[in-house]
Amino acid sequence: KDPTWERTADRPFDPPVTVEGMLKAKEVGQALRDVGIEVVVCSPFLRCLQTAVSVCEGLGHTDGIYVDNGLGEIMNTDLIRGA
């Protein structure tokens, strides 16, 4: 892992999901294949989109992704710490 990635990344607050994360997401999709999931809802962040695609691949389809632009994170450390 590169400890300087935040300083050198084009989009430090929107990092990609790791290869391991994509593999695990696909495994989750495969485990849920018989549940009947038709749509995966995700935020517009890159790692979330990538995760949704991997889950859908595991489910056996890639056309059931709904991106909800209202989902997201608050980048305010005071709120995260409860200050």
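Everything below is about the structure shown above.
Think of each chain on its own: its residues are numbered from 1, step by step along the sequence as written. Only residues with pLDDT of at least 70 get local features here, since the model is predicted, and only at 80 or more are side-chain atom pairs given and counted; chain-wide, interface and lining totals rely on the full set of residues. The basis for every side-chain value is the complete set of heavy atoms in the structure, and neither hydrogens nor water enter the calculation.

Engineer: So what exactly am I meant to see when it comes to the overall build of the protein here?
Structural biologist: For the purposes of this entry, the term helix denotes a DSSP run of H or I that reaches at least four residues, the term strand denotes a run of E that reaches at least two, and both are numbered from the N terminus. Regarding its fold elements, the protein presents four helices and two strands. Between buried and exposed lies partly exposed: a residue is buried under 20% and exposed over 50% of the maximum accessible area for its type, with that area taken using a 1.4 Å probe on protein chains only. Counting over 83 residues, the protein shows a buried share of 20%. Note on areas: these come from Shrake-Rupley sampling with a 1.4 Å probe, and a residue is covered only by the protein chains present in the view. Carbon and sulfur atoms make up 56% of the accessible area of the protein, which totals about 6300 Å².

Engineer: How should I be thinking about the environment of Asp-34 in this particular structure?
Structural biologist: With respect to the element layout, Asp-34 can be found in the loop between α2 (19-31) and β1 (40-42). Along the sequence, Asp-34 and Leu-59 sit 25 residues apart, while their C-alpha atoms lie 8.3 Å from each other.

Engineer: Explain helix α3 (residues 46-59) to me, please; I cannot follow it from the model alone.
Structural biologist: It helps to recall that an α-helix has 3.6 residues per turn; residues three or four apart then point in one direction. Multiply 1.5 Å by the residue count of a helix minus one, and that product is the helix's expected span. Given a rise of 1.5 Å per residue, 14 residues ought to cover 20 Å, and the 20 Å separating the end C-alpha atoms of α3 matches this to within 8%. Inspection of α3 places Arg-47, Ala-52, Ser-54, Val-55, Cys-56, Gly-58 and Leu-59 among the buried residues, and these make up the whole buried set. On its buried face, α3 sits against α2, β1 and β2 (65-67). Positive backbone phi, approximately 100°, marks Gly-60, located one or two places after α3. By the convention used here, residues are in contact when the closest approach between their heavy atoms is within 4.5 Å.

Engineer: What should I look at first to understand the nonpolar core in this one?
Structural biologist: Residues grouped as a nonpolar core are buried Ala, Val, Leu, Ile, Met, Phe, Trp, Tyr and Cys residues, joined through side-chain atoms within 4.5 Å. Ranked by size, the top nonpolar core spans seven residues in total: Ala-25, Val-40, Cys-42, Ala-52, Val-55, Cys-56 and Leu-59. Residue assignment for this core shows that the elements contributing at least two residues are β1 and α3. Residues in contact with Cys-56, not counting those within four places in the same chain, are Val-40, His-61, Thr-62, Gly-64 and Ile-65.

Engineer: When you look at the packing of aromatic side chains in this model, what are you seeing that I'm missing?
Structural biologist: Given two aromatic rings, their pairing is described by the distance between the two centres and the angle made by the two planes. Aromatic pairing here means that ring centres of Phe, Tyr or Trp (its six-membered ring) are within 6.5 Å. Orientation follows from the plane angle: under 30 degrees is stacked, over 60 is edge-to-face, and everything else is tilted. Following the criterion strictly, the structure yields zero aromatic pairs and no others. A ring is considered to have a charge above it if a Lys NZ or an Arg CZ atom is located within 6 Å of its centre and within 35 degrees of its normal. Over the aromatic face of Phe-45 sits the side chain of Arg-47, whose NZ or CZ is 5.2 Å from the ring centroid.

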